[in-house]
Amino acid sequence: ARLVVLVSGSGTNLQALLDAVAEAPDGGYGAEVVAVGADRGSIAGLERAERAGVPTFVCRLADHPDRAAWDHALAEATARFEPDLVVSAGFMKIVGKEFLARFGGRFVNTHPALLPSFPGAHAVRDALAYGVKVTGCTVHLVDDGVDTGPVIAQGVVEVRDEDHADEGAALHERIKEVERRLLVEVVGRLARNGYRIQGRKVQIP
Ligand code: GRF
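None of these values were measured; they are calculated from a predicted model.

**Here's the deal with the packing of helix α1 (residues 12–23) against helix α2 (residues 44–51)**
- Where α1 contacts α2, the axes come no closer than 9 Å and their chain directions differ by 15°. What the angle tells us is that α1 and α2 run roughly parallel. In this structure, α1 meets α2 at a crossing whose hand is right-handed. When α1 is examined against α2, the residues Thr12, Leu14, Gln15 and Leu18 are found in contact with a partner set consisting of Gly45, Arg48 and Ala49.
- Taken together, the residues that form the contact of α1 with α2 break down as three nonpolar, three polar and one charged.

Structure representation (structure tokens):
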């Protein structure tokens, strides 16, 4: 399967996918990263793609007159690589109607909380502030809400007392360790086995 991965930052989830592809004997992972897209330039995520010889594209909101134009550009740039699956891994923008019309149903996101708890851009901080004892990460299909699509898989991470001392930095790192493994496992299964969406259930044979 052809994957386009969207990033906005360090790209360690992207790196986990790149490593899974490279480490699987003769394409056994069942997917390859054909392009990496970002909403901003000069981020580690793009450098990771370049090091792996994967084409990249950048669609900056500021380069377009409005969000719809940006969304169109992002959809066009993504479509050029003919993806079977689009993976948002730390992509910090909410895509628009056109992108969802073209890639909905084959667009997954990874989120560093146990949805529906703590959607949005500050999930780890919000979970800490709430005082939860466990949190984790969720891989889900992207729908037209914010982190509201059908859940595919989740991983649990314990919250430690000392996590409150560093605004959740250590906790987010522990979550990302689980998240990277979960994302690689789920994307590989989706790519190899295919899947069916029935309401809020995603069946992977
Ligand atoms: C991940 O935890 C993702 O869930 C969140 O931001 C982080 C991105 O990390 N949205 P990276 O860029 O993959 O290292």
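After presenting the structure, the write-up continues.
**Brief notes about the UniProt feature "active site" (unreviewed entry) in the chain**
- Look at the UniProt record and you will see "active site" (unreviewed entry) annotated at His111.
- Mapped onto the elements of the fold, His111 is located in strand β5 (residues 107–111).
- Apart from the residues within four sequence positions on either side, His111 is in contact with Phe118, Pro119, Gly120, Ala123, Gly136, Cys137, Thr138, His140, Asp147 and Glu179.

**Details of the packing of aromatic side chains**
- Overall, the coordinates contain five aromatic pairs when judged by the stated rule.
- Measuring from centroid to centroid gives 6.4 Å for Trp70 and Phe91, while their planes differ by 10°, and the two rings are stacked. Placement of Trp70 in helix α3 (residues 67–79) and of Phe91 in the loop between β4 (85–88) and α4 (97–103) is noted, with a sequence separation of 21 residues between them.
- Taking the relative accessible area as the measure of exposure, Trp70 reaches 1% and is therefore buried.
- You can call Phe91 buried: its relative accessible area is 7%.
- On the numbers, 5.8 Å between centres and 65° between planes, the contact of Phe118 with Tyr130 is edge-to-face. Taken together, the positions of Phe118 in the loop between β5 and α5 (123–130) and Tyr130 in helix α5 put the pair twelve residues apart, joining distant regions of the chain.
- A relative accessible area of 17% places Phe118 in the buried class.
- One aromatic cluster is present, built from ring pairs that chain together Phe99, Phe103 and Phe107.

Criteria and cut-off values
- Residues numbered from 1 in each chain as written.
- Predicted model: local features only at pLDDT ≥ 70, side-chain atom pairs only at ≥ 80, totals over all residues.
- Heavy atoms only, no water.
- Axes fitted to C-alpha atoms, helices over the stretch in contact; angles between N-to-C directions.
- Helix = DSSP H or I, 4+ residues; strand = E, 2+ residues; numbered from the N terminus.
- Parallel < 35°, antiparallel > 145°, perpendicular 65-115°, else oblique.
- Left-handed = near helix turned anticlockwise from the far one by under 90°.
- Contact = heavy atoms within 4.5 Å.
- Nonpolar A, V, L, I, M, F, W, Y, C, P; charged D, E, K, R; others polar.
- UniProt positions renumbered as here; feature names shortened; annotations may be inferred.
- Phe/Tyr/Trp six-rings, centres within 6.5 Å; stacked < 30°, edge-to-face > 60°.
- Buried < 20%, exposed > 50% of the residue type's maximum accessible area, 1.4 Å probe, protein only.

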